[in-house]
Amino acid sequence: NAGVMQNPRHLVRRRGQEARLRCSPMKGHSHVYWYRQLPEEGLKFMVYLQKENIIDESGMPKERFSAEFPKEGPSILRIQQVVRGDSAAYFCASSRQGLADTQYFGPGTRLTVL
Amino acid sequence: QQQVKQSPQSLIVQKGGISIINCAYENTAFDYFPWYQQFPGKGPALLIAIRPDVSEKKEGRFTISFNKSAKQFSLHIMDSQPGDSATYFCAADRGAQKLVFGQGTRLTINP
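This text gives an overview of the structure that appears in the document. Nothing here was measured: the structure is a model prediction, and the numbers come from that model.

### Some words on the packing of aromatic side chains
Scanning all chains against the criterion turns up 16 aromatic pairs over all chains. Note on tyrosine 35 of chain A and phenylalanine 45 of chain A: the rings are 5.8 Å apart at their centroids and 75 degrees apart in plane angle, and the pair reads as edge-to-face. Of the two residues, tyrosine 35 of chain A is situated in strand β4 (residues 31-37) and phenylalanine 45 of chain A in strand β5 (residues 43-50); the sequence distance between them amounts to 10 residues. Taken individually, tyrosine 35 of chain A and phenylalanine 45 of chain A each receive the classification buried, so the pair is uniform in this respect. Aromatic rings pair up to connect Tyr35, Phe45 and Phe105 of chain A together with Tyr36, Phe89 and Phe101 of chain B into one cluster.

### A short note on the environment of glutamine 80 of chain A
Residues and elements named next belong to chain A. Its place among the elements puts glutamine 80 in the loop between β8 (75-79) and β9 (88-95). Among the residues examined, glutamine 80 registers a relative accessible area of 33% and is labelled partly exposed. Sequence separation between glutamine 80 and serine 66 is 14 residues, and the spatial gap between their C-alpha atoms is 8.5 Å. When sequence neighbours within four positions are dropped, the list of residues in contact with glutamine 80 reads Gln17, Glu18 and Arg64.

### A word on the sheet that holds strand β3 (residues 19-25) of chain B
All names here are of chain B. The antiparallel open sheet is built from 5 strands, whose spatial order is β1-β3-β8-β7-β6. If you trace the sheet from one side to the other, it starts and ends with β1 (4-7) and β6 (56-59), each paired once. Averaged over all pairs of adjacent strands, the angle between strand axes in this sheet comes to 15 degrees, irrespective of strand direction. Bridge analysis of strand β7 (residues 62-67) against strand β8 (residues 72-77) gives 6 bridges, and the strand direction is antiparallel. From the neighbouring strand, isoleucine 64 faces β8, where its bridge partner is leucine 75.

### Describing a nonpolar patch on the surface
Residues Ile18, Ile20 and Met78 of chain B make up a contiguous nonpolar surface patch of about 240 Å² in total accessible area. Secondary-structure assignment places isoleucine 20 of chain B in strand β3.

### So, the state of the cysteines
Residue and element names in this part refer to chain B. Here the structure, examined in full by the defined rule, presents 2 disulfides over all chains. Sulfur-sulfur distance for the disulfide between cysteine 23 and cysteine 90 comes to 1.9 Å. As the torsion about the S-S bond is roughly -95 degrees, the cysteine 23-cysteine 90 disulfide counts as left-handed. With cysteine 23 in strand β3 and cysteine 90 in strand β9 (residues 86-92), this pair connects stretches of sequence that are 67 residues apart. Overall, the relative accessible area of 0% leaves cysteine 90 in the buried class.

Definitions and limits used
Each chain has its residues counted from 1, following the order in which its sequence is written. As a convention, the first chain written is A and the first ligand written is 1, with the rest following in written order. Only residues with pLDDT of at least 70 get local features here, since the model is predicted, and only at 80 or more are side-chain atom pairs given and counted; chain-wide, interface and lining totals rely on the full set of residues. Think of the side-chain values as coming from all heavy atoms in the structure, minus any hydrogens and water. Two aromatic rings, drawn from Phe, Tyr or Trp (for Trp, its six-membered ring), form a pair once their centres lie within 6.5 Å of each other, and the interplanar angle then sorts them: stacked below 30 degrees, edge-to-face above 60, tilted otherwise. Note on conventions: DSSP H or I runs of at least 4 residues are helices, E runs of at least 2 residues are strands, and numbering of each starts at the N terminus. Each residue is placed in one exposure class: buried if its accessible area under a 1.4 Å probe, protein chains only, is under 20% of its type's maximum, exposed if it is over 50%, and partly exposed if it falls in between. A contact between two residues is defined here by any heavy atoms of the two lying within 4.5 Å. Strands are labelled as partners when DSSP assigns at least two bridges between them. Think of each axis as a best-fit line through the C-alpha atoms, taken over the contacting stretch in the case of a helix, with angles from 0 to 180 degrees between the N-to-C directions. Patch criteria: residues need more than 30% relative accessible area and no salt bridge. Like-charged residues are merged within 9 Å; nonpolar side chains of Val, Leu, Ile, Met, Phe, Trp and Tyr are merged within 5 Å. Per-residue and other accessible areas follow the Shrake-Rupley method at a 1.4 Å probe size, with only the shown protein chains counted as cover for residues. Definition used for salt bridges: Asp or Glu carboxyl oxygen within 4 Å of a side-chain nitrogen of Lys or Arg. The rule for a disulfide is simple: a pair of cysteine sulfur atoms within 2.5 Å.

Structure (C-alpha cells):
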C-alpha cells in the first residue's frame, strides 16, 4: 500500500514566480492536510481539505496561498508570487476519516526561493 | 493557548540509556497526543499516540507517560540505539484534525 506521495521533492523558484505542490493521499484516504516546516522548527498547520471542500484554512496566509483537493487527482498547494520567506519544507498528510484519525505524512516538498 | 512546549531542544544519550523528552500544553480541549519521529530529509512518521483516558502507553521500547492534571506528557525510549537518532516531535489535537506540534527535540545516541 503506497504511502502519501508528494511531488516534486525539491522545487526552486525565483521571487515572483508561482509554486505548485502536489499531494496524493494514501489509498482509501479522503482527508488531506498541509503543514509548513521552517528550518529548525516544528510543523505548522496550514489547511485541511476533503474532496472538493476546504474544511479549515485557519493556518493559511491570507494572500498568495491557496489549496484545493478536486474530485479527481491530487491535492494542490499553490503559492503565487513567491518570496524568500516562503522557503520551507511543505508536508502533506492524509487520513481515512476526520475527527482525530491518525495522520500519515508524505516525504515533503522542499521549496527554495532565490 | 494553542501552543505545545517541548523540551529539551537537543539531547545526547549513550547507547543503552533512556531518552526522555517532555511536552506541556495549555488547552484542556486537546484529547489526542501523538509523537512523531523525523529523519533528515524525510516526513514525520507516527511513533506512538495516547488519549487522556490512560496514563501510560507502551509499544516496544517506546512509552508515553501522560499527566492530565499537570497537562504534561513525555516520551521515554528505553535501551536507546544509534538508529533512534532523529528529531522527535510531540503534538496535540482536539478532534479538529489540526495537529499542534512542539518545537522538536534533536536526539543523538552515541555508540
